[in-house]
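# Notes for the structure review
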Amino acid sequence: MFARLLSNFRTTILLSLLLAAVMIYAFGQLAPGGYDLGFWQAAFRWIHVVAGILWIGLLYYFNFVQIRVMPAIPAELKPAIGKHIAPEALFWFRWSALVTVLAGLAVMFARGHAYALEVLSFGFAGGMVEGDQQFALMGIGVWLAIVMFLNVWGIIWPNQKRALGIVPADDEKKAKAARLAMLASRTNLLLSLPMLTSMAMYQTLFG
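A short tour of the structure in this document, coming up. (Residues numbered from 1 in each chain as written. Predicted model: local features only at pLDDT ≥ 70, side-chain atom pairs only at ≥ 80, totals over all residues. Heavy atoms only, no water.)

## Topic: the overall build of the chain
- A tally of regular secondary structure across the chain gives seven helices and zero strands.
- A principal-axis box enclosing the C-alpha atoms of the chain has dimensions of 60 × 55 × 25 Å.
- Of the contacts formed within the chain by residues at least 6 apart in sequence, a portion of 65% connects residues at least 24 apart.
- Accessible area of the chain: about 12,800 Å², with a carbon and sulfur share of 73%. (Helix = DSSP H or I, 4+ residues; strand = E, 2+ residues; numbered from the N terminus. Contact = heavy atoms within 4.5 Å. Areas by Shrake-Rupley, 256 points an atom, 1.4 Å probe, with all protein chains shown as cover.)

## Topic: unusual backbone geometry
- For Phe 122, which is not glycine, the phi torsion reads 60° and is therefore positive.
- Here Phe 122 lies in the loop between helix H5 (113-120) and helix H6 (133-163).
- Overall, Phe 122 belongs to the partly exposed group, its relative accessible area being 31%. (Buried < 20%, exposed > 50% of the residue type's maximum accessible area, 1.4 Å probe, protein only.)

## Comments concerning the packing of aromatic side chains
- Summed over the entire model, instances satisfying the criterion amount to eleven aromatic pairs.
- Taking 5.1 Å as the distance between ring centres and 80° as the angle between the ring planes, the aromatic pair formed by Phe 39 and Trp 40 counts as edge-to-face.
- For Phe 39, a relative accessible area of 10% corresponds to the buried category.
- Relative to Phe 62, the ring of Tyr 61 lies with its centre 5.5 Å away and its plane at 50°, an arrangement referred to as tilted.
- Taking the relative accessible area as the measure of exposure, Phe 62 reaches 6% and is therefore buried. (Phe/Tyr/Trp six-rings, centres within 6.5 Å; stacked < 30°, edge-to-face > 60°.)

## Some remarks on helix H7 (residues 171-205)
- The terminal C-alpha atoms of H7, which comprises 35 residues, lie 51 Å apart, in line with the 51 Å expected from a rise of 1.5 Å per residue.
- Along H7, the sharpest change in direction is near 30° and occurs at Ser 192; proline Pro 194 comes one to four residues later.
- Burial in H7 covers these residues: Ala 177, Ala 181, Ala 184, Ser 185, Asn 188, Leu 191, Ser 192, Met 195, Ser 198, Met 199 and Tyr 202.
- If you follow the buried residues of H7, they end up packed against helix H3 (37-69), H5 and H6.
- With a side-chain oxygen positioned 3.2 Å from the backbone nitrogen of Glu 172, the residue opening H7 is Asp 170. (Expected span 1.5 Å × (residues − 1). Bend = angle between axes of the 7 residues up to and from the residue. Polar contact = N/O pair within 3.5 Å; in protein donor to acceptor, adjacent residues only side chain to side chain.)

## A few points about the nonpolar core
- Among the nonpolar cores identified, the biggest contains 30 residues, and Trp 55 and Phe 93 are the most heavily contacted of them.
- Elements that contribute at least two residues to this core include exactly H3, helix H4 (78-110), H5, H6 and H7.
- In this structure Phe 93 touches Trp 55, Leu 58, Leu 59, Phe 62, Val 152 and Ile 156, once residues within four positions along its chain are discounted. (Core = buried A, V, L, I, M, F, W, Y, C linked by side-chain atoms within 4.5 Å.)

## So, the side chain of Asn 63
- Here Asn 63 is to be found in helix H3.
- Here Asn 63 falls in the buried class, since its relative accessible area comes to 3%.
- Of note is the side chain of Asn 63, whose polar atom sits 3.0 Å from the backbone oxygen of Leu 59.
- If we skip the residues at most four places from it in the chain, Asn 63 touches Arg 68, Ser 185, Arg 186 and Leu 189.

## As for H6
- Taking 1.5 Å of rise per residue, 31 residues should cover 45 Å, and H6 covers 43 Å from first to last C-alpha, within 8% of that figure.
- By the largest-angle criterion, Val 152 marks the main kink of H6, which is about 40°.
- Looking one or two places after H6, you find Gly 165, whose phi comes out positive at around 80°.

## Some remarks on the side chain of Ser 192
- Considering the arrangement of structural elements, one finds Ser 192 in helix H7.
- The contact partners of Ser 192, leaving out residues within four places of it in the chain, are Leu 59, Tyr 60 and Met 148.

## Quick look at the environment of Gly 34
- Turning to its location among the elements, Gly 34 is positioned in the loop between helix H2 (9-30) and H3.
- Judged by its relative accessible area of 18%, Gly 34 is buried.
- Leaving out residues up to four positions away in the same chain, Gly 34 has contacts with Gly 28 and Phe 39.

Scope: geometric values only; no functional claims are made or implied.
Below is the structure:
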């Protein structure tokens with residue numbers, strides 16, 4: 001029975017979400033402030049982390065695996081990638097990018113508008129004073145994530161639609177679109193590690 005459950009992706013992920021929801025509820029019951037703003041900040045951070053793992057994980061799949069291996073795949077097998085695997089991966093890729101950014105902004109504003117303004121302005125919102133430098137480091141990560149998100153929806157996805165034949169395009173336009181999408185994806189790969197450094201180091205050192 002358990003093997004049958006795990007054989008179905010939708011059932012498995014729904015059960016995982018249910019178990020996570022039970023744990024989130026339990027945290028709310030035990031949290032000092034109950035289901036206060038601090039709880040919702042934690043809940044938004046959970047969404048941010050889960051969506052971010054999916055987004056960056058797919059970014060790394062495209063760059064570490066698919067883009068590198070595609071030239072070696074026999075021509076007769078490439079349509080299977082372009083018609084089935086890539087469109088599905090791009091669906092989860094672009095929507096997880098959106099959820100990651102929205103949940104991250106929700107976490108930031110849940111900490112207060114003053115905090116959000118300091119981060120978004122790199123610490124200059126109230127005039128740079130001693131201690132505000134940490135906001136600049138967090139702000140770098142936030143803006144890099146926003147640039148990466150805009151890159152996904154503004155460059156990668158529109159060009160991938162042409163390259164994969166989801167929207168009509170001749171062979172020349174498909175080739176140009178594929179190269180633009182690849183370069184945009186590599187740009188996000190380049191920005192990903194500085195962005196993740198900002199998020200992880202800030203959260204650990206400054207909370």
